[in-house]
Each structure stands twice: as structure tokens, then as C-alpha cells.
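The lines below spell out each chain.
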Amino acid sequence: MDVLLIGGLWLDGSVWDDVASTLRSLGHNPVPLTLPGQGDGSASATLEDQVAAVLAAVDSAAGTPVVAGHSAACALAWLAADARPEKVAKVVLIGGFPTGDGKPYADFFELRDGAMPFPGWAPFEGPDSADLDEEARRGFAAAAIPVPEGVAKGIVRLTDERRFDVPVVLVCPEFSPAQAKELVDAGEVAELPKVKHLEYVDIDSGHWPMHTKPAELARLLAEAADEA
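In this report, the structure presented in the accompanying data block is examined. Given the structure is predicted, the values throughout are model-derived calculations rather than measurements. (Residues numbered from 1 in each chain as written. Predicted model: local features only at pLDDT ≥ 70, side-chain atom pairs only at ≥ 80, totals over all residues. Heavy atoms only, no water.)

**With respect to the sheet that holds strand β7 (residues 168–172)**
If you trace the 6 strands from one edge of the open sheet to the other, you get β2-β1-β3-β4-β7-β8, paired in parallel fashion. Strands at the two margins of the open sheet, each flanked by one partner only, are β2 (29–33) and β8 (198–202). Strand-to-strand, the axes of this sheet are offset by a mean angle of 20°, without reference to chain direction. Lying on the sheet, helix α8 (residues 214–226) is in contact with β1 (2–6), β3 (66–70), β4 (90–94), β7 and β8; it crosses β4 at an angle near 160°. (Pairing = 2+ DSSP bridges. Helix = DSSP H or I, 4+ residues; strand = E, 2+ residues; numbered from the N terminus. Axes fitted to C-alpha atoms, helices over the stretch in contact; angles between N-to-C directions. Contact = heavy atoms within 4.5 Å.)

If you want it as C-alpha cells, here you go:
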């Protein structure tokens, strides 16, 4: 099965290299995406451009793909389910939650010169980054791609209630499945309380398991695809 892999903020498609290698060995076809404005050199990309890139990958996939989004890009994976509910077999959310209709995609950190650069490690101290050593942190920061303002401040638009029929797997890295379920049950995260088929799975990692636990993450993605 095709498994579309969408990295979160500051990441390009190469972040999935190790995950993709293991996924292939498990019999699936990984499709890492390099999003407009996050690796293609475009400083003027918009959220709409990124959504269009994701939908193009969905439309060109063999059969019905699994769409996996990481962190902020959980919103992109969910937008794919909204736009193509009949085409997406399953959505996998890694370390994040969908953004609600009418909300900014990722207006989280300070903008400079029309883009949102990686803000350094201070906002991510604790469980998010505890499994990244100093060398990994330096490498991450050096490779981080400033996210264009048109992406970060883009407004999420959801229109098709059939998205709630698409099965969702929530991969829980820096938080536990129990913590995530508590948030969902309390209605504190957008969209997920209405999902008809929602599964929680744990992974013992920080916020970036594709860096620190790529084989384990690949196995979880393969299991999600096998059961789709």
C-alpha cells in the first residue's frame, strides 16, 4: 500500500529516509513529500499550495493510500481526508492533532522576513526533545527550513462531514495514549471527538520519532496500512 509521509514544520521529505527504508522492507510503498516552501526553495508558498501538493500525491497513489502527518502536518493529513474521503484509506497522526475549521494552520512562533524559522530548542525542552542528543539537535537546527508566512498563517478550511468516516490512528510519542484520549474525550482537541474509528498507539520517543525511532515508527505505519 502507498503510505504518504508528510513532515511537520521546518522539515523536508528527507526526514523520512530511515522510516521509508523500513517501510519498504515491510512490503509497503512509502511516498515522502517535500512540501512547497519546505525544501523546494519557494519562499512565497501558501497553505493552499501545500494542500494541493498533498492532494496531488493522494490522487496519483495506487489505490487508496494511508496518509500520515507529523506534528503540525496532522492538519494536512486531515485536510486530505476532508477533500478525498473516498480516496484516503486511513489517516495516521504522529505527535499532533487536526486543526479546526477556520483556525490558522501553524501560527505558533515569531515570523522574521516573511517566514517562521526554527525557534531553537527552548520551546521543546522536556519530553519533546529528551531523546535528541546534542549532535542530533545541532543537525536538526542546521537543516531546519523557515516556514513561509503564507503557510504558517494560512487558514484551515474543512467542508465534508464524510471525513469523520475515515479511520484515524493517533501515534502518541511525547504524550501517552491515555493523555491523548483524555484530551479527546474532554473535547479539548478539534475534530477527533467526531471520528468514528479512532485508535491510539504508543511509541516511546520524543516529538520526532522519525529521527530517534524510525524503525519502530515504520512498523506502526505498516500495521496501520495492513489493517486499512
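There is more to say after this.
**Remarks on the nonpolar core**
If you look at soluble globular proteins, the nonpolar side chains tend to sit buried side by side. Judged by nonpolar contacts, the single largest core of 76 residues is most densely connected at Leu76 and Tyr105. The element that contributes the greatest number of residues to this core is helix α3 (residues 74–83), accounting for 8 residues. Setting aside chain neighbours within four positions, we find Leu76 in contact with Ile6, Leu35, Leu47, Gln50, Val51, Val54 and Tyr105. (Core = buried A, V, L, I, M, F, W, Y, C linked by side-chain atoms within 4.5 Å. Buried < 20%, exposed > 50% of the residue type's maximum accessible area, 1.4 Å probe, protein only.)

**So, the side chain of Lys87**
Mapped onto the elements, Lys87 comes out in the loop between α3 and β4. One buried charge, Lys87, has no salt-bridge partner; the nearest side chain with opposite charge is Asp59, at 6.2 Å. From its side chain, Lys87 meets the backbone oxygen of Ala61 in a polar contact 3.4 Å long. Discounting chain neighbours no more than four positions away, the residues touching Lys87 are Val58, Asp59, Ala61, Gly63, Thr64 and Pro65. (Lys, Arg positive; Asp, Glu negative; His and termini not counted. Salt bridge = Lys/Arg side-chain N within 4 Å of Asp/Glu carboxyl O. Polar contact = N/O pair within 3.5 Å; in protein donor to acceptor, adjacent residues only side chain to side chain.)

**As for unusual backbone geometry**
Of note in this structure, Ser71 is not a glycine but carries a positive phi near 55°. Residue position: Ser71 is located in the loop between β3 and α3. One non-glycine residue, Asp113, lies in positive phi territory at about 55°. Summarising the element assignment, Asp113 is placed in the loop between β4 and β5 (115–116).

**Considering the environment of Pro85**
When you line up the elements, Pro85 lands in the loop between α3 and β4. Spatially, the C-alpha atom of Pro85 lies 28 Å from that of Pro148, the residues being 63 residues apart in sequence.

**Thoughts on the environment of Thr212**
Considering the arrangement of structural elements, one finds Thr212 in helix α7 (residues 209–212). When its relative accessible area of 23% is taken as the criterion, Thr212 is described as partly exposed. With 194 residues separating them in the primary sequence, Thr212 and Asp18 have C-alpha atoms 9.9 Å apart. Contacts of Thr212, omitting those with residues within four sequence positions, involve Asp131, Leu132 and Ser205.

**Comments concerning the pairing of β8**
Strand direction decides the pairing type here: β7 and β8, joined by 5 bridges, are parallel. Residue pairing for β8: Val168 is matched across the bridge by Leu198. Crossover connection from β7 via helix α6 (residues 177–185) to parallel β8: handedness right-handed. (Right-handed = clockwise from strand over helix to strand, strands pointing away.)

**Overview of α6**
Looking at α6, one finds that the buried residues are Pro177, Ala180 and Val184. All buried residues of α6 fall inside an arc of 65° around its axis, so they share one side. Those residues of α6 that are exposed and aimed more than 90 degrees away from the buried face are Ala178, Glu182 and Asp185. (Arc of directions from axis to C-beta.)

**Some words on the packing of aromatic side chains**
The full count for this structure, using the stated rule, is 15 aromatic pairs. Ring centres of Trp10 and Phe124 lie 6.1 Å apart, and the angle between their planes is 80°; this geometry places the pair in the edge-to-face category. With Trp10 in the loop between β1 and α1 (17–25) and Phe124 in the loop between β5 and α4 (134–143), the pair connects residues that are 114 residues apart, well separated along the chain. Residue classification places Phe124 among the buried positions, given a relative accessible area of 9%. (Phe/Tyr/Trp six-rings, centres within 6.5 Å; stacked < 30°, edge-to-face > 60°.)

**With respect to the pairing of β4**
Across the 5 residues of β4, 5 count as buried, placing the element largely inside the fold. Every second residue of β4 is oriented toward a common face, with Lys90, Val92 and Ile94 on one face and Val91 and Leu93 on the other, all of them buried. With 5 bridges joining them, β3 and β4 adopt parallel strand pairing. Considered in β4, the bridge of Val66 is made with Lys90. Where the polypeptide runs from β3 across α3 and back to β4, its parallel neighbour, the crossover connection is right-handed. Here β4 pairs with β7 via 4 bridges, running parallel. Bridge pairing links Val92 to Val169 in β7.

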